[in-house]
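Take a look at the letters that make up each chain.
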Amino acid sequence: MDTDWTPTRMREVFESVKNWGRWGDDDEHGALNLITDAKRREAAAAVRIGEVVSCARELAVQPTVENPNPALHMMIQGGDDCVIPGVGLEAAMDFVGVAFHGMATTHIDALCHVFVDGLMYNGFAATEVKSTGARHGSIMCTSEGISSRGVLLDIPRLLGVEWIEASTAITVAHLEAAEKSQGVKVEEGDILLVSAGRDARREKQGPWDPLTDGLAGMHPECVEWIHQRGVAVLGSDGVSDALPNIDIEGWGMPIHQCALVAMGVHLLDNLRLDRLSQACAKHNQWSFLFTVAPLRIERATGSPVNPIAML
């Protein structure tokens, strides 16, 4: 155990990074308030090449050790029986359903997804998320989409390895060294993407169960740095938290708990970042226009997404 990180210290960090009331007592947008019109214009100006890169994984419809609840994709009407009665049109149609929270599907977490002491961001009660959905903090605060400057920090590239092992936590020193190495700096209103090389490991070794075999992610010390830099949205090729994280009673996923609940920072989980890393390295450009368009699902705790980077 990292003896410097006790429940008391974690609580102090949580309280110190709270954005509750910063944008009003009824605010449900959280750190998205840091993405101003000026910030979006800055993000648009970052486009130099015009290359577009998807940061989503293919929708996982087959069960694996990292995907025990695969998405459903089934045909409603196929080309072998394609005439729609009464319409006079030949067409194919399908159905898609997905439980997107977990370790397999690229998705965004809404601020109502995680609670600390029975509360979500800005002090709304966990009980406000009913069986019918969330009355506060739902993904509908992103109904117009999210566009800002994205910054990718590629930690395996920094360390000269293909991927970060689960036993290695990404620290503030790693983040700042990657900034220096890549010639970029994370600024207020940015969407920060942190790569641990999950795609490369999966390509070489196949899928694994992150809950039993671990998953690389960020050390809790990164929480204060994220707050100080004014990160608007945080994403990774894992779930931002290292799994298993250091043993802090009551703080099983401190990045999730502090980002979503204290800071109001939406999280992007299970991104595919290998293609973006390759494009950034090719153009020596580690900042770009980054756009996320969650589905407009009333009262939802998140949404599957296909985030797009434009260099």
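Quick note: structure is the one above.
Quick caveat, the model's predicted, so the values are computed rather than measured.

Caption draft 1: Here's a closer look at the pattern of salt bridges. Evaluation of the coordinates by the stated rule reveals 21 salt bridges. The shortest N-O distance in the salt bridge between arginine 40 and aspartate 37 comes to 2.8 Å. Taken together, the residues span about one helical turn, with arginine 40 and aspartate 37 both in helix 2 (residues 37-45) at a distance of 3 residues. Of the charged contacts in the structure, one is a salt bridge between glutamate 51 and lysine 282, with a shortest N-O distance of 3.4 Å. Remark: lysine 282 occurs in helix 9 (residues 274-283) and glutamate 51 occurs in the loop between helix 2 and strand 1 (52-54); sequence separation between them is 231 residues. Taking relative accessible area as the criterion, glutamate 51 reaches 24% and is therefore assigned partly exposed.

Caption draft 2: View of the state of the cysteines. Taken as a whole and assessed by the stated rule, the structure comprises 0 disulfides. Cysteine 112 forms no disulfide, and the closest cysteine sulfur to it belongs to cysteine 141, at a distance of 8.8 Å. Residue classification places cysteine 112 among the buried residues on the basis of a relative accessible area of 2%. In this structure cysteine 141 comes out as buried when scored by relative accessible area, which is 16%.

Caption draft 3: Structural detail: the sheet that holds strand 16 (residues 302-304). An order of 1-17-15-9-11-13-14-6-16 is seen for the 9 strands of this open sheet, with the pairing classed as mixed. Two strands bound the open sheet, and with one partner strand each, they are strand 1 and strand 16. Put simply, the sheet's adjacent strands are angled 25° from each other on average, direction ignored. When strand 9 (residues 146-154) meets strand 15 (residues 287-292), the two strands line up antiparallel, connected through 6 bridges. Looking at the pairing, glycine 150 lines up with phenylalanine 288 of strand 15. Sheet strands in contact with helix 2 are strand 9 and strand 15, and its direction is about 55° off that of strand 9.

Calculation rules
Residues numbered from 1 in each chain as written. Predicted model: local features only at pLDDT ≥ 70, side-chain atom pairs only at ≥ 80, totals over all residues. Heavy atoms only, no water. Salt bridge = Lys/Arg side-chain N within 4 Å of Asp/Glu carboxyl O. Helix = DSSP H or I, 4+ residues; strand = E, 2+ residues; numbered from the N terminus. Buried < 20%, exposed > 50% of the residue type's maximum accessible area, 1.4 Å probe, protein only. Disulfide = S-S within 2.5 Å. Pairing = 2+ DSSP bridges. Axes fitted to C-alpha atoms, helices over the stretch in contact; angles between N-to-C directions. Contact = heavy atoms within 4.5 Å.

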